[in-house]
Amino acid sequence: MKRRTFLKRSLTALAIAGAGTGSLFLPGKSGFSATAEAKGFTTALPVPPLLDNLDKTGKSASFSINVQKGEVEFFPGKSTATLGYNGNFLGPTMRVRNGQRFRVKVNNTLSETTTLHLHGLHLPAKWDGGPRQPVPPGTTWNPDFIIKQEAATLWYHPHAMGLTGKQVYYGLAGLFFIEDEISDRLDIPKTYGEDDIPLVIQDRRFFSSGQFAYVQGMHDTMNGVIGNHMLVNGVIKPTLTVPSGLVRLRLLNGSNSSIYKIAFDDKRIFNVIASDGGFLERPVPMKGIVLSPGERAEILVDFSRESRYAIISLLVDQLRGGSFEAMRIAVKGTGKIRKMPRALRKGEKIDPSEATKTRRFIMETMSMGGGRMGMGMSGRRLTINGKKMDINRIDEKVKLNSTEIWEITNRSAMMMRMPHSMHLHDVQFHILSRNNNAPPLHEQGRKDTVLIMPGETVRIISRFRDYTGVYMYHCHLLEHEDNGMMGQFEVIT
Ligand code: C2O
Ligand code: CU
Ligand code: CU
């Protein structure tokens, strides 16, 4: 019930956002024409290579990541200039275990600065890979620390000041899995690329030349760049072939600024088993799930009735844009017979009375002085608590080992009603409430990114443990982040 109310409310709010901004920018009607449409569903879904080069003792994992230029034919016969990690577009999946020593050598072969940020990871501030840890062209960066975190599907992407949106758009993003005793113990699909499949969902806009049409003016900056071609693991309209039985899909909304509702064409019920930071207490049955940029969900889909050949479509509704048949799933052959697990892990809550401080954050999209249409960029602002990001300013100081409640409000002035997606570095948090209501079941696990609709107030609670130093919090609509909707918190003793 709650979930449905939330979805309905979200859709209404988005409809309003659409009405406010539609005349300013309409995806698909803005002069960026689609080039020759790919035939569709003939390409097998590529699965990113798995980097799992653990040492013999299993005590450490070390990886090497090359940040490089590439070229991809998203449309037959037209090549697009891209960026990739160890390849042309996107990057390999790095897999580690809780307790392991993790090392990665990041080699920047680009002609501009980049960083490598591990989104969702609890880690020492100096290895966070945010704007404070630039990797200049031609240099390497070598993080080395211990993983202190339970099983989860995280991801990595660049985070250089003002360049995040562009570099992600061109292809820099990859997945990062943590495994542990809980994931070992569960009888769920775990064969990477066979019945445990990562899906990096993104959208892109292209010029008819085949090149990406990234930010083309202030409307894109304010709205975020909304694409009109859906990519799954870097391919438009791929087909995934799976065995019948239970299949685990690890979903990442890897888009710059789109909010997705993900569902199947036959409206089948699937089970959500994990949120951003790991397993939920028990599977949550749903027919559709909303993910904002940066959010992940792991779902189990039961294909055991499709024991003979069947095709199911994965639909992605871009809430401020189009509806897409993003991918087809062909069920072929017999997989292992498994029952849907009834419980996943012990529930975990942080008692609000543990919190020693409540901080308030106002995320604001506003037009200064009137808000008339056609106003110049100078009149529009994206802020948190009235401020734009300044790397020389620490916005919040948090005591090491303390527990805090952060109350985040999306306040948008008329005509500028915009969803935001709040993300905190270093920590996983729990959502206490959305507009004073308990969050829906699938949002009751660990989170690091949360969608906040216009007018909404979300309260989250988190513990700040182990590490001191400076971390970021920001809107994960990357065009908002790049244009100032970011702040810094310092964990101090
Ligand atoms: Cu996914 Cu600060 O980022
Ligand atoms: Cu992050
Ligand atoms: Cu935002």
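Residues numbered from 1 in each chain as written. Chains lettered and ligands numbered in written order. Predicted model: local features only at pLDDT ≥ 70, side-chain atom pairs only at ≥ 80, totals over all residues. Heavy atoms only, no water.

### So, the sheet that holds strand E21 (residues 296-302)
What the seven strands build is an open sheet, ordered E14-E13-E12-E16-E21-E18-E19; its pairing is mixed. At either margin of the open sheet sits one strand with a lone partner, and together these are strand E14 (235-236) and strand E19 (278-286). In this structure, strand E16 (residues 246-253) lies alongside E21, joined through seven bridges in antiparallel fashion. Across the sheet, the residue bridging to Leu252 is Arg296, located in E21. (Pairing = 2+ DSSP bridges. Helix = DSSP H or I, 4+ residues; strand = E, 2+ residues; numbered from the N terminus.)

### Observations regarding the coordination of the copper ion (ligand 3)
Within the first shell, the copper ion (ligand 3) binds the protein through His420 (ND1), Cys475 (SG) and His480 (ND1), at distances of 2.0 to 2.1 Å. Take Cys475: its relative accessible area is 0%, and that puts it in the buried class. (Donors = N, O, S within 2.8 Å, 3.2 Å for Na, K, Ca; no water. Buried < 20%, exposed > 50% of the residue type's maximum accessible area, 1.4 Å probe, protein only.)

### A few points about the pairing of strand E26 (residues 396-399)
With burial as the criterion, only one face of E26 is covered, namely that bearing Glu396 and Val398; the residues Lys397 and Lys399 on the opposite face remain uncovered. With four bridges joining them, E26 and strand E33 (residues 486-492) adopt parallel strand pairing. For Val398, the partnering residue across the bridge sits in E33 and is Val491.

### Regarding the pairing of strand E30 (residues 449-452)
Of the two faces of E30, both are covered, the one formed by Thr449 and Leu451 as well as the one formed by Val450 and Ile452. Inspection of the sheet shows strand E28 (residues 420-424) paired to E30 by four bridges, in the antiparallel sense. Across the sheet, the residue bridging to His423 is Thr449, located in E30.

### What about the coordination of the copper ion (ligand 2)?
Within the protein, His117 (NE2) and His423 (NE2) serve as the donor atoms for the copper ion (ligand 2), at 1.9 Å. Of this pair, His117 sits in strand E7 (residues 117-119) while His423 sits in strand E28, placing them 306 residues apart in sequence.

### Quick word on the nonpolar core
By size, the foremost hydrophobic cluster in this structure holds 55 residues, and its most contacted members are Phe102, Leu118, Leu121, Phe176, Trp406 and Met422. With four residues, the single largest contributor to this core is strand E3 (residues 60-75). Shared between two domains, this core holds at least three residues of each, these being domain 2 (48-182) and domain 3 (352-492). Those residues in contact with Phe176 that sit more than four places away from it in its chain are Met94, Val96, Phe102, Leu118, Leu121, Ile147, Ala152, Thr153, Leu154, Trp155 and Tyr156. Of all hydrophobic cores here, the second largest spans 44 residues; its members include Val242, Tyr260, Ile299 and Phe324. (Core = buried A, V, L, I, M, F, W, Y, C linked by side-chain atoms within 4.5 Å. Domains from an automatic or database assignment. Contact = heavy atoms within 4.5 Å.)

### Looking at the environment of Ala61
Here Ala61 shows up in strand E3. Ignoring any residue separated from it by four or fewer positions in sequence, one finds Ala61 in contact with Asn53, Leu54, Val96, Gln100, Arg101, Phe102 and Arg103.

### Describing the confidence of the model for the protein chain
Averaged over all residues, the pLDDT of the protein chain is 90; the fraction at 70 or higher stands at 89%. In this model, residues 1-38 is a region of pLDDT below 50 whose contacts with residues beyond four sequence positions or in other chains number 60 contacts. Confidence drops under pLDDT 50 across residues 370-377; counting only partners more than four residues distant or on other chains, this segment forms 15 contacts. (pLDDT = per-residue confidence, 0-100.)

### A look at the packing of aromatic side chains
All chains considered together, the criterion is met by 24 aromatic pairs. Aromatic side chains Phe63 and Phe102 sit 5.9 Å apart centroid to centroid with 55° between the ring planes, which places their arrangement in the tilted category. Here Phe102 lies in strand E6 (residues 101-108) and Phe63 lies in strand E3, a separation of 39 residues in the sequence. An identical accessibility class is assigned to Phe63 and Phe102; each is buried. (Phe/Tyr/Trp six-rings, centres within 6.5 Å; stacked < 30°, edge-to-face > 60°.)

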